[in-house]
Amino acid sequence: MAAIHNRIKVLRAEFGMTQEDLAQKTGVTRQTIFAVEHNKYVPSLELAFKIASVFKQPLENVFNYT
């Protein structure tokens, strides 16, 4: 089964950022960040790009499809 995985938790740790910090920077709730981070919710393309932008990473360095 195909799935989208992400490195959000790792990147947040590297940036010293909480889920709330990332939520504020991307305009969503902390619960949304939690759900995306734990692969319970697939973000919109817009949100995925916003998250990648916060970490100054290309989209494929934050999200991958397997």
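Numbering of residues starts from 1 in each chain and follows the order in which that chain's sequence is written. For this predicted model, a pLDDT threshold of at least 70 governs which residues receive local features, and a threshold of 80 or more governs which side-chain atom pairs are given and counted, while totals over whole chains, interfaces and linings are taken from all residues. Only hydrogens and water are set aside when side-chain values are computed; all heavy atoms of the structure are taken into account.

Trainee: I'd love a proper account of the overall build of the protein, names of residues and values included.
Mentor: In terms of regular secondary structure, the protein is built from five helices and two strands. For helices the rule is a DSSP run of H or I covering at least 4 residues; for strands it is a run of E covering at least 2, with both sets numbered from the N terminus onward. Secondary structure elements in the protein, listed N-terminal to C-terminal, are β-α-α-α-α-α-β. Its C-alpha atoms give the protein principal-axis dimensions of about 30 × 20 × 20 Å. To sort residues, take the accessible area from a 1.4 Å probe on protein chains only and compare it with the maximum for the residue type: under 20% means buried, over 50% means exposed, and anything in between is partly exposed. With 66 residues in all, the protein has 33% of them scored as buried. Two residues form a contact once any of their heavy atoms are found within 4.5 Å. Sequence separation of at least 24 residues holds for 57% of the intrachain contacts in the protein that already meet a minimum separation of 6. Within the protein, one finds 8 positive and 6 negative side-chain charges whose respective centroids are separated by 3 Å. Asp and Glu are treated as the negative residues and Lys and Arg as the positive ones, with His and the ends of the chain left uncounted. A charged residue contributes its charge at one atom only: NZ of Lys, CZ of Arg, CG of Asp or CD of Glu.

Trainee: Give me the lowdown on a nonpolar patch on the surface, citing residues and values where you can.
Mentor: Side chains of Ile4, Val42 and Tyr65 sit close together on the surface and give an oily, nonpolar patch of about 330 Å² of accessible area. You can see Tyr65 is positioned in strand E2 (residues 63–65). With a relative accessible area of 63%, Tyr65 lands in the exposed category. Exposure above 30% relative accessible area and no salt bridge define the residues that can form patches, which grow by joining like charges within 9 Å and nonpolar side chains of Val, Leu, Ile, Met, Phe, Trp and Tyr within 5 Å. Areas reported as accessible are Shrake-Rupley estimates using a 1.4 Å probe. Residue values count occlusion only from the protein chains shown. A pairing counts as a salt bridge when a side-chain nitrogen of Lys or Arg comes within 4 Å of a carboxyl oxygen of Asp or Glu.

Trainee: Outline helix H2 (residues 19–26), supporting the account with residue identities and numerical values.
Mentor: Regarding H2, the residues found buried are Gln19, Leu22, Ala23 and Thr26. For H2, the angular spread of the buried residues around the axis is 105°, confining them to a single face. Seen from the buried face of H2, the exposed residues on the opposite side, beyond 90 degrees, are Gln24 and Lys25. Tucked into the core, H2 has its buried residues touching helix H1 (8–15), helix H3 (30–37) and helix H4 (45–54). Phi turns positive, to about 80°, at Gly27, one or two residues after H2. Think of the arc as the fan of directions from the helix axis to the C-beta atoms.

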